[in-house]
Amino acid sequence: MEMFDWKNLPFGYVKTDYNVRCYYRDGKWGDIEVTSSEHINVHIASTGLHYGQEAFEGLKAYMGKDGKIRLFRWEENAKRLISSAEGIKMATVPVELFREALFKVLDLNRKYVPPYGSGATLYIRPLLYGSGAEVGVKPSSEYTFLIFVTPVGPYFKGGVKPVNMLICRDVDRAAPLGTGTFKVGGNYAASMRAIIKAKEQGYSSNIFLDAREKKYIDECGPANFFGIKNNTYITPKSESILKSITNMSLLEIAESIGMKAERRQVPIEELSTFEEAGACGTAAVISPIAKIFDPDTNMIYEYCRDGEPGPMTMKLYNKLVAIQNGDEPDTFGWISILD
Ligand SMILES: Cc1ncc(COP(=O)(O)O)c(C=O)c1O
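What this report covers is the structure whose coordinates are included nearby.

1. Overview of the pattern of salt bridges
Part 1 of the argument: Enumeration over the complete set of coordinates arrives at 21 salt bridges.
Part 2 of the argument: The closest approach of N and O atoms between Asp66 and Arg70, which form a salt bridge, is 2.8 Å.
Part 3 of the argument: When the shortest N-O distance is used, the salt bridge between Lys214 and Asp172 registers 2.5 Å. With Lys214 in the loop between strand E10 (205–209) and strand E11 (217–220) and Asp172 in the loop between strand E9 (163–168) and helix H4 (185–200), this pair connects stretches of sequence that are 42 residues apart.

So this is what it looks like as structure tokens:
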């Protein structure tokens, strides 16, 4: 009997057997601890709770046809967590400790890696927060690092479907010299008003503009934006967006299949020139964009008039997913296998 109806599993939390934790005290990290508890004991005055000293990561494990469990570019997540920790003055988790905790939690929860072909994956959530007590605004002297995993269903049930996006001018997710490049909880709290407003109006998510001038595209909710025209993959360069590992990979794949690739400012007006557009991130890999609506100008930008994702978008998507699942050789050196 299957443990779950993998294909219909939601993108949500499902309990697994174990999570791993590690504590930073007296200037050093302790040993990795394994637990089955889904709860943490949080100090009432912890800086994580009061001052948002908290950063997280998101990556996935994929089951190959060969029965091997694959991880995609986990070192990039480890490095980004270090950058996030430095950005809000937390103790950093060394890459080696991240690796050890990651491989341990995966090994302990092997049975929750969804089967090949189900479209489901094991989502991995590393979390780091200030766990020591402070009352004034200052960094904690104690930190907790933990990783839990949870199986998630295919992002698009029944195949990749284009989504609609709403341009947002009345909320900024992050300031140009703020914390937008770090994966810290505060950015997500700041984005919620806009994302909920977009969803209430029937959009999949919203598109944030640069906070300084409101002239350039920043991000699509919790995903990076890209547009395609003239055989060129174009993605915004901005001082306030998260450097998506999926996007970094798509830039490389685009070049490898003979496209040009550009990371540069993308003015709003350029939306009307793209042949295809999409949002990219670990959760969906790519969400092709059907339509973008700008409520301030009433402009509608359309990319999938026949309701189908564009051919270049699908080429990039299929290539990246094939590498992640082990269906294509990993010529980029992005995959690690769990022995
Ligand atoms: C704000 C934001 N942008 C972009 C991304 C996509 O990043 P990645 O491709 O590393 O998942 C995410 C998801 O992690 C995100 O939260």
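2. Things to note about the environment of Gly307
Part 1 of the argument: Inspection of the secondary structure assignment puts Gly307 in the loop between strand E17 (299–302) and helix H6 (311–325).
Part 2 of the argument: Judged by relative accessible area, which is 41%, Gly307 ranks as partly exposed.
Part 3 of the argument: Measuring from C-alpha to C-alpha, the distance between Gly307 and Tyr112 comes to 34 Å, with 195 residues separating the pair along the chain.

3. A closer look at the site of the ligand
Part 1 of the argument: Near the ligand you find 15 residues, and of these Tyr188, Glu219, Ser244, Thr246 and Thr282 are the closest.
Part 2 of the argument: For the ligand, the accessible surface in isolation is 380 Å², of which the surrounding protein chains cover 95%.
Part 3 of the argument: Counted by class, the shell around the ligand contains six nonpolar, five polar and four charged residues.

4. Observations regarding helix H2 (residues 74–87)
Part 1 of the argument: Counted at 1.5 Å a residue, the expected span for H2 with its 14 residues is 20 Å, and the 20 Å between its end C-alpha atoms agrees.
Part 2 of the argument: Among the residues of H2, those classed as buried are Trp74, Asn77, Ala78, Arg80, Leu81, Ile82, Ser84 and Ala85.
Part 3 of the argument: Immediately beyond the C-terminal end of H2, within one or two residues, lies Lys89, with a positive phi of roughly 60°.

5. Points about the nonpolar core
Part 1 of the argument: Counting residues in hydrophobic clusters, the biggest one holds 46 residues, and the most contacted among them are Phe225, Tyr233, Leu271, Ile292, Tyr303 and Leu316.
Part 2 of the argument: Contact partners of Leu316, with chain neighbours within four places excluded, come to Ile228, Tyr233, Leu250, Ile253, Ala254, Ile257, Met259 and Ile286.
Part 3 of the argument: The next biggest cluster of nonpolar side chains, apart from the first, holds 38 residues, and it includes Met63, Ala78, Ile124 and Val184.

6. Quick word on a nonpolar patch on the surface
Part 1 of the argument: Judged by side-chain polarity, Tyr18, Val34 and Leu108 come together as a nonpolar surface patch covering roughly 210 Å² of accessible area.
Part 2 of the argument: Position of Val34 relative to the elements: it lies in strand E3 (residues 33–35).

7. A closer look at the packing of H2 against helix H3 (residues 95–108)
Part 1 of the argument: Their axes nearest at 10 Å, the elements H2 and H3 cross at an angle of 125°. One element, H2, and the other, H3, form an angle in the oblique class. Crossing of H2 over H3 shows right-handed handedness. Every residue of H3 that contacts H2 at Trp74, Asn77, Ala78, Leu81 and Ile82 is listed here: Val95, Phe98, Arg99, Leu102 and Phe103.
Part 2 of the argument: Tallied by class, the residues present in the contact of H2 with H3 amount to eight nonpolar, one polar and one charged.

8. With respect to the pairing of strand E12 (residues 223–229)
Along any regular strand the residues' side chains alternate between the sheet's two faces.
Part 1 of the argument: Burial within E12 is extensive, with seven of its seven residues counted as buried.
Part 2 of the argument: Inspection of the sheet shows E11 paired to E12 by two bridges, in the antiparallel sense. When the sheet's bridge partners are listed, Cys220 is paired in E12 with Ala223.
Part 3 of the argument: The antiparallel pairing of E11 with E12 creates a hairpin that spans two residues between the two strands, and Gly221 there sits at a positive phi of about 45°.
Part 4 of the argument: Relative to strand E15 (residues 276–281), E12 is paired through five bridges, and the arrangement is antiparallel. Bridge assignment links Asn224 to a residue of E15, and that residue is Cys280.

The rules we used
- Residues numbered from 1 in each chain as written.
- Predicted model: local features only at pLDDT ≥ 70, side-chain atom pairs only at ≥ 80, totals over all residues.
- Heavy atoms only, no water.
- Salt bridge = Lys/Arg side-chain N within 4 Å of Asp/Glu carboxyl O.
- Helix = DSSP H or I, 4+ residues; strand = E, 2+ residues; numbered from the N terminus.
- Buried < 20%, exposed > 50% of the residue type's maximum accessible area, 1.4 Å probe, protein only.
- Near = heavy atom within 4 Å.
- Areas by Shrake-Rupley, 256 points an atom, 1.4 Å probe, with all protein chains shown as cover.
- Nonpolar A, V, L, I, M, F, W, Y, C, P; charged D, E, K, R; others polar.
- Expected span 1.5 Å × (residues − 1).
- Core = buried A, V, L, I, M, F, W, Y, C linked by side-chain atoms within 4.5 Å.
- Contact = heavy atoms within 4.5 Å.
- Patch = residues over 30% accessible without salt bridge, like charges linked within 9 Å, V, L, I, M, F, W, Y side chains within 5 Å.
- Axes fitted to C-alpha atoms, helices over the stretch in contact; angles between N-to-C directions.
- Parallel < 35°, antiparallel > 145°, perpendicular 65-115°, else oblique.
- Left-handed = near helix turned anticlockwise from the far one by under 90°.
- Pairing = 2+ DSSP bridges.

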